[in-house]
Amino acid sequence: MNPIVSDKYTFVIGVDTHAATHAFALVAGQTGAVLDNATFPTTSAGLLRAQAWLDRRVTNEPTLVVIEGTGSFGAILAERL
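*Asks:* Teacher, can you tell me more about the environment of Thr-17 here?
*Replies:* Along the polypeptide, Thr-17 turns up in strand β1 (residues 11-17). Thr-17 gets classed as buried once you look at its relative accessible area, which sits at 5%. With sequence-adjacent residues up to four places away left out, Thr-17 is seen in contact with His-22, Ile-67, Glu-68, Gly-69, Phe-73 and Gly-74. At 2.8 Å, the side chain of Thr-17 and the backbone oxygen of Glu-68 are in polar contact.

Take a look at the structure:
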């Protein structure tokens, strides 16, 4: 049997990718509650800010990151994470 997301991950981060910005949503793995969200530009500096935002929120907790468009707009972000 495959594990259930809520049993394995403290947080789930969903990323909606676009050409100029990426929108992030931080969700509690157990409840599905949206804990925070933010949008960052797709520039190198913006992606560094996004990484710092993620690191501050999830620390070392088990986290599943789901990125839309890993073959296009989300490719660089997927490589960095």
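*Asks:* Just checking my understanding: could you explain the environment of Ala-25 for this structure?
*Replies:* Residue placement: Ala-25 occurs in strand β2 (residues 21-28). Overall, the relative accessible area of 25% leaves Ala-25 in the partly exposed class. Placed 11 residues apart in sequence, Ala-25 and Gly-14 show a C-alpha to C-alpha distance of 5.3 Å. With residues up to four places along the chain from it excluded, the contact list for Ala-25 reads Val-12, Ile-13, Gly-14, Asp-36 and Asn-37.

Reading the values: the criteria
- Residues numbered from 1 in each chain as written.
- Predicted model: local features only at pLDDT ≥ 70, side-chain atom pairs only at ≥ 80, totals over all residues.
- Heavy atoms only, no water.
- Helix = DSSP H or I, 4+ residues; strand = E, 2+ residues; numbered from the N terminus.
- Buried < 20%, exposed > 50% of the residue type's maximum accessible area, 1.4 Å probe, protein only.
- Contact = heavy atoms within 4.5 Å.
- Polar contact = N/O pair within 3.5 Å; in protein donor to acceptor, adjacent residues only side chain to side chain.

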